[in-house]
Each structure stands twice: as C-alpha cells, then as structure tokens.
Amino acid sequence: MRRFRPLVGTLAYVWDRSTDHVLQVRRNARAEDENLGKVMGLGGKVEPDEHVVDGMRRELHEEALIEVTSLRLRGTITWTGFGPSGSDWLGFVFLVDGWTGTPPEANDEGTLEWVERERLLAACTPGGDPDLPMWAGDHHFIPLVFDDDPRQFHGTMPYDGERPRSWTVDRL
C-alpha cells in the first residue's frame with residue numbers, strides 16, 4: 001500500500017461582497033505550469049514552520065498584494081494523483097471576505113480577474129463556461145465554498161491525471 005505524504009496547500013476565494021465578484025487567477029504566465037490555461041482561486045503550498053492560516057495570508061500577500069482581515073475555513077480536500085505530476089495534496093479551502101490593498105492586474109502565475117460570483121457558480125454546472133476553464137473537480141466544491149451551510153466540508157477527490165475519479169464529501 002502506498003503511503004500518503006501530501007503536499008499541504010491553501011486555496012482562497014476572495015469575495016468582494018459589495019460587487020459580488022470573486023478574485024481568480026487565469027494561469028497563463030508560465031508554459032511549464034501544470035495549471036496552465038485554468039482559472040482558479042489563489043493559494044499555494046504551506047511552508048515549513050507555518051500554520052495554514054499564515055500560509056494563506058502569505059500567499060494572498062504574494063499573489064494579490066492584499067492583507068487579509070477576514071477569512072473563514074470552508075473545508076478541506078484530499079486530492080490524490082492530481083494533475084500531470086500525479087501529486088497528492090491536502091488542501092485547506094478558505095473564503096476571504098475582508099482585506100486591505102488592491103490586487104494588481106497580474107502576478108507571476110497569470111492575469112488576476114474579478115469574476116461575477118454567479119458566473120463562477122454557473123461555470124460549475126454541466127456545460128460550464130468555456131471562458132472560465134477550470135479543473136473538472138472544482139465544479140464539485142466551489143458551490144460549497146459559497147453556500148449558506150455554516151458547516152465545513154471535508155472531501156476526498158482521487159484524480160487520474162486531469163480528471164477526478166470520484167468525489168466523496170462530508171459536512172461537519
């Protein structure tokens with residue numbers, strides 16, 4: 001049996017409630033990026049000696065030049081065999097609804113875009129939105145980030161390269 005030794009990461013959905021838009025990065029800056037062409041939330045790996053909230057704050061400062069003032073853990077996801085590299089990840093998914101600073105138009109990973117929340121959620125339905133290409137598995141959990149259920153979600157999503165094989169989730 002293979003041992004589970006995941007990369008630990010964070011993923012944020014920065015939601016401007018006043019405009020009902022969500023900050024996304026369109027990964028179009030690096031040809032070798034395994035997320036190339038995808039639109040997604042912001043985040044990254046947690047560094048040694050850093051807890052997940054500090055990691056989330058650091059990533060948002062690095063990627064969007066914002067300082068978080070309000071965030072909530074919405075859930076966790078275990079991704080195994082993810083993407084072209086087949087990596088295993090344990091991801092902490094946050095909803096950020098308070099910050100200071102103004103995101104730039106782009107960062108080292110790509111273009112930053114404010115996407116209408118309803119458009120983002122519509123992209124998670126069958127047929128999606130071809131102008132918002134995302135990982136197929138994102139369709140399962142993005143609606144959980146924005147729903148009214150106060151409970152956290154905890155999911156497992158094994159991947160086979162670019163496609164999820166299944167999705168199991170509990171709410172606690």
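Treat the numbers as computed from the prediction; the structure is a model and nothing was measured.

Overview of the overall build of the chain
- Secondary structure summary: the chain contains three helices and 10 strands in total.
- Listing every helix and strand of the chain by position from the N terminus yields β-β-β-β-α-β-β-β-α-α-β-β-β.
- Principal-axis analysis of the C-alpha atoms places the extent of the chain at approximately 45 × 40 × 40 Å.
- Counting every position in the chain, which comprises 172 residues, the buried fraction comes to 49%.
- The long-range fraction of contacts in the chain, counting pairs at least 24 apart against all pairs at least 6 apart in sequence, stands at 62%.
- When the accessible surface of the chain is totalled, it reaches about 8800 Å², and 51% of it is carbon and sulfur.

Observations regarding the pattern of salt bridges
- Tallied over the full model, the rule gives 19 salt bridges.
- Arg-171 is the partner of Asp-147 in a salt bridge, and the nearest nitrogen-oxygen pair spans 2.7 Å. Placement of Asp-147 in the loop between α3 (138–146) and β8 (153–161) and of Arg-171 in strand β10 (residues 168–171) is noted, with a sequence separation of 24 residues between them.
- Linked through salt bridges whose partners overlap, the residues forming this network are Arg-27, Arg-30, Glu-32, Asp-33 and Glu-109.

Things to note about the packing of aromatic side chains
- Counted by the stated rule, this structure contains eight aromatic pairs.
- Taken together, a centroid distance of 4.8 Å and an interplanar angle of 80° make the contact between Phe-82 and Tyr-159 edge-to-face. Of the two residues, Phe-82 sits in strand β5 (residues 67–82) while Tyr-159 sits in strand β8, which places them 77 residues apart along the sequence.
- For Phe-82, a relative accessible area of 10% translates into the label buried.
- Counting every residue linked through ring pairs, the aromatic cluster contains Trp-79, Phe-82, Trp-135, Phe-141 and Tyr-159.
- A cation over an aromatic ring shows up here: Lys-38 above the ring of Trp-135, its NZ or CZ 4.5 Å from the ring centre.

Some remarks on the pairing of β5
- For β5 and strand β6 (residues 87–100), the ladder comprises 12 bridges, and the chain directions are antiparallel. Along β6, the bridge assignment pairs Ile-77 with Gly-91.
- Connecting β5 to the next strand, β6, in antiparallel fashion are four residues, including Gly-83 with a positive phi near 70°.
- When β5 meets β8, the two strands line up parallel, connected through seven bridges.

Looking at the nonpolar core
- Tyr-13, Leu-60, Phe-141, Ile-142 and Phe-146 are the most contacted members of the largest nonpolar core, which totals 43 residues.
- In terms of residues, this core owes the most to one element, β6, which gives seven residues.
- Not counting residues up to four positions away in its chain, the partners in contact with Phe-146 are Tyr-13, Trp-15, Val-22, Leu-95, Arg-117, Leu-120 and Leu-121.

Some thoughts on the side chain of Thr-10
- Tracing the sequence through the fold places Thr-10 in strand β1 (residues 7–16).
- The residues contacting Thr-10, other than those within four sequence positions of it, are Leu-42, Gly-43, Gly-44, Val-46, Val-52, Gly-55, Met-56, Glu-59, Phe-92 and Phe-94.

With respect to unusual backbone geometry
- The backbone phi angle of Asp-20 is positive, close to 60°, even though this residue is not glycine.
- Along the chain, Asp-20 falls in the loop between β1 and β2 (21–27).

Looking at helix α1 (residues 52–64)
- With 13 residues, α1 extends 18 Å between its outermost C-alpha atoms, agreeing within 8% with the 18 Å of an ideal straight helix rising 1.5 Å per residue.
- At the exit of α1 stands Leu-65, carrying a positive phi of roughly 55°.

Definitions and cut-offs
Residues numbered from 1 in each chain as written. Predicted model: local features only at pLDDT ≥ 70, side-chain atom pairs only at ≥ 80, totals over all residues. Heavy atoms only, no water. Helix = DSSP H or I, 4+ residues; strand = E, 2+ residues; numbered from the N terminus. Buried < 20%, exposed > 50% of the residue type's maximum accessible area, 1.4 Å probe, protein only. Contact = heavy atoms within 4.5 Å. Areas by Shrake-Rupley, 256 points an atom, 1.4 Å probe, with all protein chains shown as cover. Salt bridge = Lys/Arg side-chain N within 4 Å of Asp/Glu carboxyl O. Phe/Tyr/Trp six-rings, centres within 6.5 Å; stacked < 30°, edge-to-face > 60°. Lys NZ or Arg CZ within 6 Å of the ring centre and 35° of its normal. Pairing = 2+ DSSP bridges. Core = buried A, V, L, I, M, F, W, Y, C linked by side-chain atoms within 4.5 Å. Expected span 1.5 Å × (residues − 1).

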